[in-house]
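# Fold and contact review
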Amino acid sequence: MTMLDRRLHAYRPDLAEAGLEGKVQASRFVEGAPARVALPVVALRPEPELARGIDTELLLGEEVTVYDRADDWCWVKAVSDGYVGYLKAEALSQTGPAPTHIVTVQRTFLYPEPELRKPHRAILSMGSRVHVAGEAEARGNHYAVLADGTAIFARHVQPIGALDGDDYVGIAALFLETPYLWGGRSGLGIDCSGLIQLAMLMTGRQAPRDTDMQAAGLGEPIDRSEIRRGDLVFWKGHVAIFEDPQTILHANGHSMTVARENFEAAVERIGVLYERPTGYRRPFRTFPG
């Protein structure tokens, strides 16, 4: 039987996703059940233990397939990027209307009603998905009202199907000074590959979650001499995006933030611990500039 990447294939000795039947050994195979993330940001772990570090995060409204529920944990696969892991059962919902809109600013507040003076209920990250049931005006401000009566500034969301554009570099720059968080994938904390994935998501593009996945299959390899805005540079375990041929944006453990840095200076600094860049890739052929 083939050994598959556990991050992208749901299989254990006792259980596996139905699509893997004949490819892996398991006691039984299941189709799984659909569910959505019901909390603002949820950690996805490799094991059902809070003490384990997180692999990635899922955002409000994102869809998952649930393969197993046990001891308040669910074993799931994210629909957006296929990532497999464990999260607390309380983070999921199988009811409620489908999301219609997506948060397009780095962070926004969810209010109990259309009134910014009320104590907010939650902070939502860019990429969060919500169902907008109506609109409201209050004190000259325009709100998107959700099915439960809570509200978000209307200009902070847009219809999910309207995501397009080319400037994922500009999206990444919105996260400057955001804290670095290993496994983070939100405006509250983010890691290097999470920054790339989320920025591309917000221009209607798909990208793998982890650095090694991006280095192996996101776009096409290029030479250092070809670098232009929007290209990626990889080190072992790290990725950055070129803002221009001399400047990179990256979430990093040196500044512990998303930072803008001179590329050659970063190469020298990072090289002390992690050697030279391992490669360069152009995610999309038609990026402007």
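Let us look at the structure shown here.

Rules of the game
- Residues numbered from 1 in each chain as written.
- Predicted model: local features only at pLDDT ≥ 70, side-chain atom pairs only at ≥ 80, totals over all residues.
- Heavy atoms only, no water.
- Phe/Tyr/Trp six-rings, centres within 6.5 Å; stacked < 30°, edge-to-face > 60°.
- Lys NZ or Arg CZ within 6 Å of the ring centre and 35° of its normal.
- Helix = DSSP H or I, 4+ residues; strand = E, 2+ residues; numbered from the N terminus.
- Buried < 20%, exposed > 50% of the residue type's maximum accessible area, 1.4 Å probe, protein only.
- Polar contact = N/O pair within 3.5 Å; in protein donor to acceptor, adjacent residues only side chain to side chain.
- Contact = heavy atoms within 4.5 Å.
- Salt bridge = Lys/Arg side-chain N within 4 Å of Asp/Glu carboxyl O.

### Some words on the packing of aromatic side chains
This model, assessed by the stated rule, comprises 10 aromatic pairs. Taken together, the aromatic side chains of Phe 109, Tyr 111, Tyr 143 and Phe 153 make up a single cluster linked through ring pairs. When the ring centre of Trp 75 is taken as origin, the NZ or CZ atom of Arg 12, which lies over that ring, is 4.3 Å away.

### Focus on the side chain of Thr 56
Looking at the element boundaries, Thr 56 is found in strand S5 (residues 56–59). Since its relative accessible area comes to 1%, Thr 56 is described here as buried. There is a polar contact of 2.6 Å between the side chain of Thr 56 and the side chain of Arg 209. In this structure, Thr 56 is in contact with Val 42, Ala 43, Leu 44, Tyr 83, Gly 183, Arg 185 and Arg 209, ignoring residues within four places of it in sequence.

### What to know about the pattern of salt bridges
All told, the structure shown has 18 salt bridges when counted by the stated rule. The residue Arg 7 makes a salt bridge to Asp 5 at a minimum N-O spacing of 2.7 Å. The partly exposed category is assigned to Asp 5, whose relative accessible area is 27%. The residue Asp 231 makes a salt bridge to Arg 282 at a minimum N-O spacing of 2.8 Å. Separated by 51 residues along the polypeptide, Asp 231 in the loop between strand S20 (220–222) and strand S21 (232–235) and Arg 282 in strand S25 (residues 279–282) bring together distant segments of the chain. Each member of the pair Asp 231 and Arg 282 is classed as buried.

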